[in-house]
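# Remarks on the overall topology
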Amino acid sequence: MSAAGPLTDRFGRVHTDLRVSVTDRCNLRCFYCMPASGVEFRPHAAILTFEEIARLARVAAGLGIRKLRLTGGEPLVRKGICDLVRMLAQTPGIDDLALTTNGVLLPEYAGDLKAAGLRRLNISLDTLDRKRFEEISHRDELDRVLEGIETALRVGFEQIKLNAVAVRGRTEADAVALVRYARQRNLPLRFIEVMPLDGDGRWTRAMVLSGPEILELLSRELGPLEPVDSAGSRAPATEYRFLDGGPPVGIVSTLSAPFCDRCGRLRLTSEGKLRNCLFSHDGWDARAVLRGGGADDDLARLFREAVAGKKERHGTDTGHVAPTQHAMHEIGG
Ligand code: SAM
Ligand code: SF4
């Protein structure tokens, strides 16, 4: 484990991204992310305070973390979220602050988030069909999400992207309409292969609508696509463009073509566990250090230990990931 310099793991991957989950709670119940009922959320006292998150962000920035993304659960259900955005936007060394949201609360929050210093927004949208939205999320909130997207566009963030989870037997009916919707608004759209993080243990490999299948479907219906040259990109999505132009369509093929070799991400769960992979079973307890009177050096050591413990690959490609140790909303997607 290197004692100084950037957060480099045993395989030479430098870690510059930290995804911070600010809550495990949510105003939707997407079936691929949490059980429909009976979810036990963490008590408030167990969740990191804004001051604790800001301190960890400062330490992380000192170790070379440059990008923070706030996620959850649904980050906009955390009370005072704009205050946290403001605190993090002022962290020296952090040059990119983003947030992933389901969009339900964007009609109320988009303006304040921008004013607080948020630069980039990812908004999740799996379907434009109200009934299917309710089947997926167990809530009738599609209209608010669509209104939230329009509000965010009016507010004018540096970048807005749409995310759709790709599930066999569902996404085939939505993919073309989603791409048309994204193109009308000039928004990049990414399809994310559904991962074994549903919390119910109901995920099966057969549920994965793979990247190549989505591309085949899109090109059949909407015309040919070509890969966008992304040499050197560390983004998980492989991007494509329709030959007749428009915003890119990305594929996050965690299962069919894992991108572990270019992963430079760490995660912080809402109760303060550092994780080095979505699928890892280990967590490094930053909350214990924070609340046990630890110094910044102790926190820095924890970051280095988490990075040193990172495995080469996540194991889904070899079938070694069992569904499901943790649900996505508990870790932070
Ligand atoms: N609540 C916010 C939202 O839905 O955008 C942020 C948290 S959510 C866990 C982050 C992203 O993970 C969303 O785009 C969501 O669709 C995606 N996601 C959740 N569960 C997933 C799964 N099992 N496989 C793939 N993506 C998933
Ligand atoms: Fe909530 Fe996002 Fe999970 Fe859906 S994917 S249940 S919106 S945290």
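Every chain's residues receive numbers from 1 upward, in the order its sequence appears when written. A letter from A marks each chain and a number from 1 marks each ligand, given out in the order of writing. Per-residue local features of the predicted model are confined to residues with pLDDT of at least 70, and side-chain atom pairs are confined, for both listing and counting, to 80 or more; whole-chain, interface and lining totals are unaffected and use all residues. As a rule here, side-chain values come from all non-hydrogen atoms in the structure, and water together with hydrogens is ignored.

## A word on the overall build of the chain
A tally of regular secondary structure across the chain gives 10 helices and 14 strands. Here the C-alpha coordinates of the chain stretch approximately 55 × 45 × 40 Å along the principal axes. Partly exposed residues are those whose accessible area sits between 20% and 50% of the maximum for their type, while under 20% is buried and over 50% is exposed, using a 1.4 Å probe and protein chains only. Per-residue burial over the chain gives 56% buried out of 333 residues. Residues are treated as being in contact if the distance between any of their heavy atoms lies within 4.5 Å. Within the chain, contacts between residues at least 6 apart in sequence are counted, and of these 74% link residues at least 24 apart. Separation of charge centres in the chain, based on 47 positive and 45 negative side chains, amounts to 2 Å. Helix numbers and strand numbers start at the N terminus; a helix is a DSSP run of H or I with at least 4 residues, a strand a run of E with at least 2. Positive charges are assigned to Lys and Arg, negative charges to Asp and Glu, while His and the chain termini are left out of the count. A single reference atom marks each charge: NZ on Lys, CZ on Arg, CG on Asp, CD on Glu.

## Overview of the site of ligand 2
Here a residue counts as near a molecule or strand whenever at least one of its heavy atoms sits within 4 Å of it. By nearness alone, every residue bordering ligand 2 is listed as Cys26, Leu28, Cys30, Tyr32, Cys33, Met34, Gly73 and Asn102. Of the residues assigned to the shell around ligand 2, the class counts are 6 nonpolar, 2 polar and no charged. Residue classes follow a fixed rule: Ala, Val, Leu, Ile, Met, Phe, Trp, Tyr, Cys and Pro count as nonpolar, while Asp, Glu, Lys and Arg count as charged, and any other residue, Gly among them, counts as polar.

## A closer look at the pairing of strand E12 (residues 265-268)
Of the two faces of E12, both are covered, the one formed by Arg265 and Arg267 as well as the one formed by Leu266 and Leu268. Direction of pairing for strand E3 (residues 17-21) relative to E12: parallel, over a ladder of 4 bridges. Bridged to aspartate 17 within E12 is arginine 265. Only when DSSP finds a minimum of two bridges between them are two strands counted as paired. Taken together, the 2 bridges between E12 and strand E13 (residues 273-275) define a ladder with antiparallel strand orientation. Among the inter-strand pairings, leucine 268 is bridged to a residue of E13, identified as leucine 274. What sits between E12 and E13 in their antiparallel hairpin is a turn of 4 residues, with glycine 272 showing a positive phi close to 85 degrees.

## Details of the pairing of strand E8 (residues 189-193)
Across the 5 residues of E8, 5 count as buried, placing the element largely inside the fold. Alignment of strand E7 (residues 159-166) against E8, held across 5 bridges, turns out to be parallel. Looking at E8, one finds that alanine 166 is bridged to glutamate 193. Alignment of E8 against strand E11 (residues 249-252), held across 4 bridges, turns out to be parallel. By the bridge assignment, phenylalanine 191 is partnered in E11 with isoleucine 251.

## Focus on the side chain of threonine 101
Residue placement: threonine 101 occurs in strand E5 (residues 96-101). When its relative accessible area of 1% is taken as the criterion, threonine 101 is described as buried. Those residues in contact with threonine 101 that sit more than four places away from it in its chain are Glu74, Leu76, Leu106, Leu121, Asn122, Ile123 and Ser124.

## Comments concerning helix H9 (residues 296-308)
Take the residue count of a helix, subtract one, and multiply by 1.5 Å to get its expected span. Helix length check: H9, at 13 residues, gives a terminal C-alpha distance of 18 Å against a target of 18 Å (1.5 Å per residue), a fit within 8%. Of all the residues in H9, the buried ones are Leu299, Ala300, Leu302, Phe303, Arg304, Ala306 and Val307.

## Regarding the environment of aspartate 140
Mapped onto the fold, aspartate 140 is located in the loop between helix H4 (130-137) and helix H5 (142-155). A C-alpha to C-alpha distance of 9.0 Å links aspartate 140 and leucine 28, two positions 112 residues apart in sequence. With near-sequence residues (within four places) excluded, aspartate 140 lies in contact with Arg130 and Glu134.

## A few points about the nonpolar core
Nonpolar cores were defined as sets of buried Ala, Val, Leu, Ile, Met, Phe, Trp, Tyr and Cys residues, with membership established by side-chain atoms within 4.5 Å. Of all hydrophobic cores here, the largest spans 104 residues; its most connected members are Leu18, Phe191, Leu218 and Phe303. Per-element tally for this core: the top contributor is helix H1 (residues 50-62), with 8 residues. Residues in contact with phenylalanine 191, not counting those within four places in the same chain, are Ala164, Ala166, Thr171, Ala175, Leu178, Val179, Ile214, Leu218, Val249, Gly250, Ile251 and Val252.

## Focus on H4
Within H4, burial applies to Phe133, Ile136 and Ser137. Across the axial projection of H4, the buried residues extend over an arc of 80 degrees, all falling on one side. Here the buried face of H4 lies against H5. The definition of a polar contact used here is a pair of N or O atoms within 3.5 Å, where within protein one atom must be able to donate a hydrogen and the other to accept one, and adjacent residues in sequence count solely through side-chain atom pairs. Its side-chain oxygen placed 3.1 Å from the backbone nitrogen of lysine 131, aspartate 129 serves as the N-cap of H4. Histidine 138 lies just past H4 and shows a positive phi near 60 degrees. Here the arc refers to the set of directions running from the helix axis out to each C-beta atom.

## Some points on the packing of helix H6 (residues 175-184) against helix H7 (residues 211-222)
Look at H6 against H7: their axes get within 10 Å of each other, and the N-to-C directions meet at 70 degrees. Viewed along their axes, H6 and H7 adopt a mutual orientation that is roughly perpendicular. Here H6 runs over H7; the crossing is right-handed. Across from Ala175, Val176, Val179 and Arg180 in H6, the residues of H7 making contact are Leu217, Leu218, Glu221 and Leu222. Of the residues that constitute the contact of H6 with H7, the class distribution is 6 nonpolar, no polar and 2 charged. Each axis is a line fitted through C-alpha atoms, and for a helix only the stretch in contact is used; angles between axes span 0 to 180 degrees, taken between their N-to-C directions. Under this scheme an angle from 65 to 115 degrees is roughly perpendicular, one under 35 degrees roughly parallel, and one over 145 degrees roughly antiparallel; angles in between are oblique. The sense of a crossing depends on the near helix, which, turned anticlockwise from the far helix by less than a right angle, makes the crossing left-handed and, turned clockwise, makes it right-handed.

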